[in-house]
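Summary of structural features
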Amino acid sequence: MSSSETTTASGPGDDAAGDAFHSTLHSLRVWDSPLPGFDTAAVPAEPVALFREWFVQAARAGQPEPHTMSLATVDGEGRPDVRTLMLHDVDARGWHFASHATSAKGVQLAARPEAALGFYWPSVGRQVRVRGGVTACGPEESRADLAVRSRGALAAALTGRQSEVLGSVEELVRASEAAWERAGSEPDAPAPTWTRYVLAPSEVEFFQGDASRRHTRLRYRRAVDGSWGRELLWP
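Because the structure is a prediction, the values reported are computed rather than measured. (Residues numbered from 1 in each chain as written. Predicted model: local features only at pLDDT ≥ 70, side-chain atom pairs only at ≥ 80, totals over all residues. Heavy atoms only, no water.)

1. Comments concerning the overall build of the protein
Condition: Numbering of helices and strands runs from the N terminus, with a helix taken as a DSSP run of H or I at least four residues long and a strand as a DSSP run of E at least two residues long. By definition in these notes, contact holds between two residues if any of their heavy atoms fall within 4.5 Å. Only the protein chains shown count as cover for residues, with accessible areas throughout obtained via the Shrake-Rupley method and a probe of 1.4 Å. Under the convention used here, Asp and Glu are negative, Lys and Arg are positive, and both His and the chain ends fall outside the count. Each charge is placed at NZ for Lys, CZ for Arg, CG for Asp and CD for Glu.
Looking only at helices and strands, one finds seven helices and nine strands in the protein. Each of the three principal axes of the protein carries a C-alpha extent, and together these read 60 × 55 × 40 Å. Taking the contacts inside the protein whose residues are at least 6 apart along the sequence as the reference set, 64% of them involve residues at least 24 apart. Carbon and sulfur atoms make up 54% of the accessible area of the protein, which amounts to about 14,200 Å² in all. Once the 25 positive and 30 negative side-chain charges of the protein are each reduced to a mean point, those two points are 6 Å apart.

Below, the structure written as structure tokens:
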């Protein structure tokens, strides 16, 4: 088969769109404003305290939605999968988030309960990466998670069927309208598949960007006895 047969046909505007993409991509810069320092000799003994400190600093620096994070899992064929969702809490147990147990992420976590999280806060040039085992919380804690959220969050949970194939936009509109109505009239309506998860960290890395590209990377690693060791990484 010739190359002309395997190449997708291009439309008349493709070259212009490609030029605009590349010129825009190569014009972008990062960290044009002053960045905070990172004294790795003065960090706490465990990572949760440092994460909370960095989170508050990012929010106060004007970082939009600092509670958004990437969640990476692995499917049944060993292929990585990633999506963006919201952080619900961080405590001694770990990093909390929630989803439907029947969603793609829920199915993947049930089969292989390990995951990685990624936070990026460009306003302060910081990243946090977390890896560890994931536990699904019980029905009572999962219901409580949904109970403190907004009507829209409850409506989305009641709509359900996350990650399933959608027949049409009209089908989604009908299901969503019904879910919003129920969420308004029944604020404690159960969403049986809604599940709160906790990622118990085995590794947590804190990355502080530097305009000179001498980035600072500090990794916490949990030992067998539960204590935390710390080490610097080359950028």
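2. Considering the packing of aromatic side chains
Defined as follows: For this analysis, a ring pair means two rings from Phe, Tyr or Trp (six-membered ring only for Trp) whose centres lie within 6.5 Å, classed as stacked if their planes differ by under 30 degrees, edge-to-face if by over 60, and tilted for the remaining angles. Burial classes: relative accessible area under 20% of the type maximum marks a residue as buried, over 50% as exposed, and values in between as partly exposed (1.4 Å probe, protein chains only).
On inspection of all chains with the given rule, the structure shows 12 aromatic pairs. Taking the centre distance of 5.5 Å and the plane angle of 20° together, the rings of phenylalanine 97 and tyrosine 197 count as stacked. In this pair, phenylalanine 97 is assigned in strand E4 (residues 94-100) and tyrosine 197 in strand E7 (residues 194-208), connecting sequence segments 100 residues apart. Look at phenylalanine 97 and you get buried, because its relative accessible area is 0%. Under the relative-accessibility criterion, tyrosine 197 is labelled buried at 5%. Ring pairing ties together the aromatic residues Phe38, Trp54, Phe206, Tyr220 and Trp228, which thus form one cluster.

3. Here we look at the nonpolar core
Heads up, the rule is: To define a nonpolar core, start from buried Ala, Val, Leu, Ile, Met, Phe, Trp, Tyr and Cys residues and group those joined through side-chain atoms within 4.5 Å.
Core analysis: the biggest nonpolar cluster contains 30 residues, and Phe51, Trp95, Phe97, Phe119, Val128 and Phe206 have the highest contact counts within it. Looking at which element gives the most residues to this core, the answer is helix H3 (residues 47-60), with five residues. Ignoring anything within four residues of it in the chain, the contact list for phenylalanine 206 reads Phe38, Pro47, Leu50, Phe51, Trp54, Gln127, Val128, Thr216, Arg217, Leu218 and Tyr220. Listed in part, the 11 residues of the second largest apolar core include Ala155, Ala157, Leu158 and Ala189.

4. Things to note about the side chain of serine 142
Within the secondary structure, serine 142 is located in helix H5 (residues 139-147). Relative accessible area serves as the criterion here: at 4%, serine 142 is assigned to the buried category. Ignoring anything within four residues of it in the chain, the contact list for serine 142 reads Cys137, Trp194, Thr195 and Arg196.

5. So, the confidence of the model for the protein
As a reminder, the rule being used: The predictor rates its confidence in each residue with pLDDT, a number between 0 and 100.
Across the protein, the average pLDDT comes to 91, with 94% of residues at or above 70. For residues 1-9, every residue scores under 50 in pLDDT, and the model assigns this stretch one contact once sequence neighbours within four places are set aside.

6. Brief notes about the pairing of strand E1 (residues 68-74)
How we decide: At least two bridges found by DSSP between two strands are what make those strands a pair.
Side chains Met69, Leu71 and Thr73 of E1 all project onto a buried face; the interleaved residues Thr68, Ser70, Ala72 and Val74 project onto a face where none is buried. As paired strands, E1 and strand E2 (residues 80-86) are joined by seven bridges and run antiparallel to one another. For threonine 73, the partnering residue across the bridge sits in E2 and is aspartate 81. A loop of five residues connects E1 with E2, the two strands running antiparallel in sequence, and glycine 78 in this loop sits at a positive phi of about 80°. Judged from the three bridges that link them, E1 and strand E5 (residues 114-121) form a sheet pairing that is antiparallel. Across the sheet, the residue bridging to leucine 71 is leucine 117, located in E5.

7. So, the environment of glycine 37
Position of glycine 37 relative to the elements: it lies in the loop between helix H2 (14-27) and H3. With 196 residues separating them along the chain, glycine 37 and leucine 233 place their C-alpha atoms 16 Å apart. Setting aside residues no more than four positions away along its own chain, glycine 37 makes contact with Arg126 and Gln208.

8. Quick notes on unusual backbone geometry
For serine 163, which is not glycine, the phi torsion reads 80° and is therefore positive. Note on placement: serine 163 falls in the loop between helix H6 (151-159) and helix H7 (169-185). Here arginine 213, not a glycine, exhibits a phi torsion of approximately 70°, which is positive. You can see arginine 213 is positioned in the loop between E7 and strand E8 (216-222).

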